[in-house]
Amino acid sequence: MTIQQQIAIAYRVDDSGGSLVRRLLGAREFGVLAATAVIFLVCAVGADGFLAADNLLSVAQQIAILGIVATGMTFLIVVGEIDLSVGSLHGFLAVELAWLVTKVGVPVGVAAPLAILTGVMIGVINGLITTRFKIPSFVVTLAALAALRGAALLLSDGVPIRGSRNEAFTHLFAGSPLPNVAAQTLWMAAVVAIGAFVMARTKFGYDVYSVGGNPSAAAGAGIASDRVKVMCFALTGGLTGLASIILVGWLGSANPLTGNGFELSVIAAVVVGGAGLAGGTGSVLGTFLGAVITGVITNALVLFGVDGNWQQVATGLLILGAVMLNHLVAKRSAHGLNA
Amino acid sequence: MPLFEAVGVRKRFGGVEALRGVDFSVEPGEVVGLMGDNGAGKSTLMKVICGAYRPDEGEIRMAGRPQVFRSPRDAAACGIAVVYQNLGLVDQRSVAANVFLGQEPRRFGLVDTRRMRAEAREVLTTLRIRIPSVRMPVAGLSGGQRQCIAIARAVHQGGELVLLDEPTAALGPEQQQNVLSLIRDLRKQGKAVVVVSHNVDHVLEVADRVVVMRGGLVSGMRDVAATTAAEVVGLIVGNAPAAAHDGAPHTSGELA
Ligand SMILES: Nc1ncnc2c1ncn2[C@@H]1O[C@H](COP(=O)(O)OP(=O)(O)OP(=O)(O)O)[C@@H](O)[C@H]1O
Ligand SMILES: [Mg+2]
């Protein structure tokens, strides 16, 4: 074919991604956003008291803990790994914090950062075992799930420990800096905003997507995959620490059974938010919406007077439905835009 | 002095010795056609050169200086760019992100997506690769388009030595010619190119020198100006005397 012919078969080039509306509609999060709106409306209409200010406040508080940990889990799932131990870790770190403050007498200003540090370290250990010994992370963190729950029970003798009564601490993590807005909610907003930004715009975020999407291509392009993975584990551990601090500030105590089954809600939020368990897809914003959906549905089930055990069934069905939906979306979006 | 030299390189995978003591060199600005049967060890040699594999034995030199590449990043820092045979694309990511995979340009510490899109489009235009939007995930592209994106990445990355492992294998005739003229362009810019190919005509068209591998060894070498397609094919299938021009250490005698 001659160059003239090539020019004759001119083809449309458009790298702009189209209008704002088109980009919004094309975004992977759009489906989740629509689902969130629908579910919210259904609850508002169907569940008595859903829209009451204190109910919404408590939903927001519950979503806060979920959203913070799920932000970390988003990085992990996109990078192609998973952490099943976040529920146990959440409980263990809460107990550790309360134990340090109440039983050892460490000032809460030291104990709280220590909880985050412990979370980071446990994440690093999970990550190193996963990457060095090439053991699937769901096995490594399943072991951690059991070990950390045991550690929480040992440290607390199996009974709840009282947390800090430091006013500044309670204020910072469980206060109400604005009318009808809990401190937890602001913490989550900050974590989600920073997490979304890091994931979408930094080199680290790009590496996370590359390693999760095609590990051998990432290695071939000189990306230090193992280090990226370990950092995702560390991030998840650290954010779980933050969630534990908030919980202790909020409840004023730490129960060693805290976070039992929490990993399921976290994974549900991430998957509902559009992340594929195979790695390489997902976003923090999607996860946030997933957390809202999970939180709202749980709350609505309570308001509808549904048995607590059925809530677990609902969580399971939610994960299954989301995975199946994502599968369809992934097939479709292979031919769409990916801004 | 050669731009690049590999001396006595060996690489074993379990029971298979893919490279059995390869000597290979590239002069500055030279285009080398690397040929050989399936399984001869061409891709393995490319991966050793670009730092994806570490040789079990042997030495790698860049401009006379010994180098130990621990990862493709080290090799890239030394000016070696590569297109792998399996391309190494991340399907879920956009064309632009794939052109810059692992080398995203940054501004104020953040990935400069605007520059990425603009430069990706520029390279695609230079290579006359037709893709409607650089925001498209590469999963939706044809095999040939995907191959072009992998090439675009190596071209954009630059470097003094560009390795292309079967860059025309999945391409239509027009794109094949684009790649060949691209190789000529690279040489005009003074870059050295190693191109692995099974197509003798292509190699004779663009290369200065043909290196033939067989069973993990370099079995022959010819200057393109002084050889014919028939002779090269003879070297590849292993039934011609493989007396190399410039005294290659291995002859077909020890391979037979
Ligand atoms: N990662 C690996 N693990 C195990 N064996 C390998 C690996 N890579 C290559 N080999 C073996 O090494 C030998 C050389 O393979 P290589 O890919 O270098 O051949 P090639 O010359 O590129 O062939 P082709 O023309 O088919 O691409 C083959 O026998 C192959 O099976
Ligand atoms: Mg090969």
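Residues numbered from 1 in each chain as written. Chains lettered and ligands numbered in written order. Predicted model: local features only at pLDDT ≥ 70, side-chain atom pairs only at ≥ 80, totals over all residues. Heavy atoms only, no water.

A. The arrangement of the overall build of chain A in detail. Helix and strand content of chain A: 15 helices and 2 strands. Relative to the 2.2 N^0.38 estimate, which gives 20 Å for 339 residues, the radius of gyration of chain A is 21 Å and therefore close to what a compact globule would have. Taken over the C-alpha atoms alone, chain A extends approximately 80 × 50 × 35 Å along its principal axes. Counting all 339 residues of chain A, 50% fall into the buried class. Considering only contacts in chain A between residues 6 or more positions apart, those separated by 24 or more positions represent 78%. Of the accessible surface of chain A, which amounts to about 15,500 Å², a share of 70% is contributed by carbon and sulfur atoms. Both charge centroids of chain A, one from 16 positive and one from 14 negative side chains, sit 9 Å from each other. (Helix = DSSP H or I, 4+ residues; strand = E, 2+ residues; numbered from the N terminus. Rg over C-alpha atoms; globule rule 2.2 N^0.38 Å. Buried < 20%, exposed > 50% of the residue type's maximum accessible area, 1.4 Å probe, protein only. Contact = heavy atoms within 4.5 Å. Areas by Shrake-Rupley, 256 points an atom, 1.4 Å probe, with all protein chains shown as cover. Lys, Arg positive; Asp, Glu negative; His and termini not counted. Charge placed at Lys NZ, Arg CZ, Asp CG, Glu CD.)

B. Looking closely at the state of the cysteines. Tallied over the full model, the rule gives 0 disulfides over all chains. Of all cysteine sulfurs, the one in cysteine 78 of chain B lies closest to cysteine 50 of chain B, which takes part in no disulfide; the gap is 12 Å. (Disulfide = S-S within 2.5 Å.)

C. A look at the sheet that holds strand β4 (residues 57-62) of chain B. All names here are of chain B. Pairing is antiparallel in the open sheet, where 4 strands are placed in the order β2-β1-β4-β5. Looking at which strands have only one partner, the edges of the open sheet turn out to be β2 (16-26) and β5 (65-67). Sheet twist, expressed as the mean angle between neighbouring strand axes with direction ignored, is 30 degrees. Where strand β1 (residues 4-13) lies against β4, 5 bridges are found, and the strand directions are antiparallel. The partner of arginine 10 across the bridge, within β4, is glutamate 57. On the sheet, helix α1 (residues 42-49) packs against β1, β2 and β4 and is oriented at approximately 60 degrees with respect to β2. (Pairing = 2+ DSSP bridges. Axes fitted to C-alpha atoms, helices over the stretch in contact; angles between N-to-C directions.)

D. Up close: the domain arrangement of chain B. All names here are of chain B. Domain boundaries in chain B define domain 1 (1-79 + 161-248) and domain 2 (89-158). Here the C-alpha centroids of domain 1 and domain 2 sit 26 Å apart. For the pairing of domain 1 and domain 2, the buried interface totals around 1,100 Å² over both sides, and the portion due to carbon and sulfur atoms is 58%. Connecting domain 1 to domain 2 are 1 salt bridge. With a shortest N-O distance of 3.9 Å, glutamate 174 and arginine 130 are connected by a salt bridge. Across the contact surface, domain 1 and domain 2 share 2 residue pairs in polar contact (both at pLDDT 80 or more). The leading source of residues in the side of domain 1 that touches domain 2 is helix α6 (residues 173-188), at 5 residues. (Domains from an automatic or database assignment. Buried area = accessible area lost by both parts, 1.4 Å probe. Salt bridge = Lys/Arg side-chain N within 4 Å of Asp/Glu carboxyl O. Polar contact = N/O pair within 3.5 Å; in protein donor to acceptor, adjacent residues only side chain to side chain.)

E. Representation of the site of ligand 1 within the structure. Residue and element names in this part refer to chain B. What surrounds ligand 1 is a group of 15 residues, the closest being Asn38, Gly39, Lys42, Ser43 and Thr44. Serine 43 places a side-chain nitrogen or oxygen 2.7 Å from an oxygen atom of ligand 1. When isolated, ligand 1 has an accessible area of 640 Å², and the protein chains bury 64% of it. Mapped by element, the contributors of at least two residues to the shell around ligand 1 are β2 and α1. Looking at the shell around ligand 1, the element that brings in the most residues is α1, giving 3 residues. (Near = heavy atom within 4 Å.)

F. Focus on the packing of aromatic side chains. Counted under the stated rule, the structure contains 5 aromatic pairs over all chains. Here phenylalanine 173 of chain A and tryptophan 187 of chain A contribute two aromatic rings whose centre-to-centre distance is 5.0 Å and whose plane-to-plane angle is 15 degrees, an arrangement assigned as stacked. You can see phenylalanine 173 of chain A sitting in helix α8 (residues 167-174) and its partner tryptophan 187 of chain A sitting in helix α9 (residues 183-201), a full 14 residues away along the chain. For tryptophan 187 of chain A, a relative accessible area of 28% corresponds to the partly exposed category. Ring geometry for phenylalanine 13 of chain B against tyrosine 53 of chain B: centres 5.2 Å apart, planes inclined by 70 degrees, an arrangement best described as edge-to-face. Linking phenylalanine 13 of chain B in strand β1 with tyrosine 53 of chain B in the loop between α1 and β4, this pair joins segments that are 40 residues apart in sequence. Owing to a relative accessible area of 24%, tyrosine 53 of chain B belongs among the partly exposed residues under this scheme. Among the aromatic residues, those joined into a cluster by ring pairs are Phe169, Phe173 and Trp187 of chain A. Its end group placed over the ring of tyrosine 206 of chain A, arginine 93 of chain B keeps NZ or CZ at 4.8 Å from the ring centre. (Phe/Tyr/Trp six-rings, centres within 6.5 Å; stacked < 30°, edge-to-face > 60°. Lys NZ or Arg CZ within 6 Å of the ring centre and 35° of its normal.)

G. Broad picture of helix α10 (residues 203-213) of chain A. In terms of burial, α10 of chain A is a largely internal element, 10 of the 11 residues being buried. Among the residues making up α10 of chain A, those that are buried are Lys203, Phe204, Gly205, Tyr206, Asp207, Val208, Tyr209, Ser210, Val211 and Gly212 of chain A.

H. Just the side chain of arginine 209 of chain B, in detail. Residues and elements named next belong to chain B. Here arginine 209 shows up in strand β11 (residues 209-214). Its relative accessible area of 7% is what places arginine 209 among the buried residues. At a separation of 2.6 Å, a polar atom in the side chain of arginine 209 contacts the side chain of glutamate 30. The contact partners of arginine 209, leaving out residues within four places of it in the chain, are Ser25, Val26, Glu30, Val31, Val32, Gly33, Met221, Arg222, Asp223 and Val224.

I. View of the interface of chain A and chain B. If you look at the interface, chain A gives 38 residues, while chain B gives 34 residues. Buried area between chain A and chain B, summed over both chains or domains, comes out near 3,200 Å², and the portion from carbon and sulfur atoms is 52%. The interface formed by chain A and chain B includes 1 salt bridge. Among the salt bridges present, the one from lysine 203 of chain A reaches glutamate 104 of chain B, with a minimum N-O distance of 3.1 Å. Among the elements that line the side of chain A that touches chain B, the one with the most residues is α10 of chain A, at 6 residues.

J. Representation of the pattern of salt bridges within the structure. Residues and elements named next belong to chain B. This model, assessed by the stated rule, comprises 18 salt bridges over all chains. Glutamate 30 is the salt-bridge partner of arginine 209, the closest N and O atoms lying 2.6 Å from each other. Of this pair, arginine 209 sits in strand β11 while glutamate 30 sits in the loop between β2 and β3 (31-36), and the two are 179 residues apart along the sequence. For the residue pair arginine 209 and glutamate 30, the accessibility class agrees, reading buried in each case. Residues joined by salt bridges that share partners form a network here, namely Arg10, Arg12, Glu17 and Glu57.

K. Expanded view of the pairing of β1 of chain B. Residue and element names in this part refer to chain B. By the bridge criterion, 8 bridges tie β1 to β2 in an arrangement that is antiparallel. Following the sheet pairing, glutamate 5 is matched in β2 by serine 25. Counting the residues that bridge the hairpin from β1 to β2 gives 2 residues, and of these glycine 14 lies at a positive phi of roughly 55 degrees.

L. The arrangement of unusual backbone geometry in detail. Residues and elements named next belong to chain A. One non-glycine residue, lysine 134, lies in the positive phi region at around 50 degrees. Within the secondary structure layout, lysine 134 lies in the loop between α6 (108-132) and α7 (137-156). A relative accessible area of 68% means that lysine 134 is categorised as exposed. Backbone geometry at aspartate 157 places phi at a positive 55 degrees, although glycine is not the residue there. Considering the arrangement of structural elements, one finds aspartate 157 in the loop between α7 and β1 (161-162). You can call aspartate 157 exposed: its relative accessible area is 68%.

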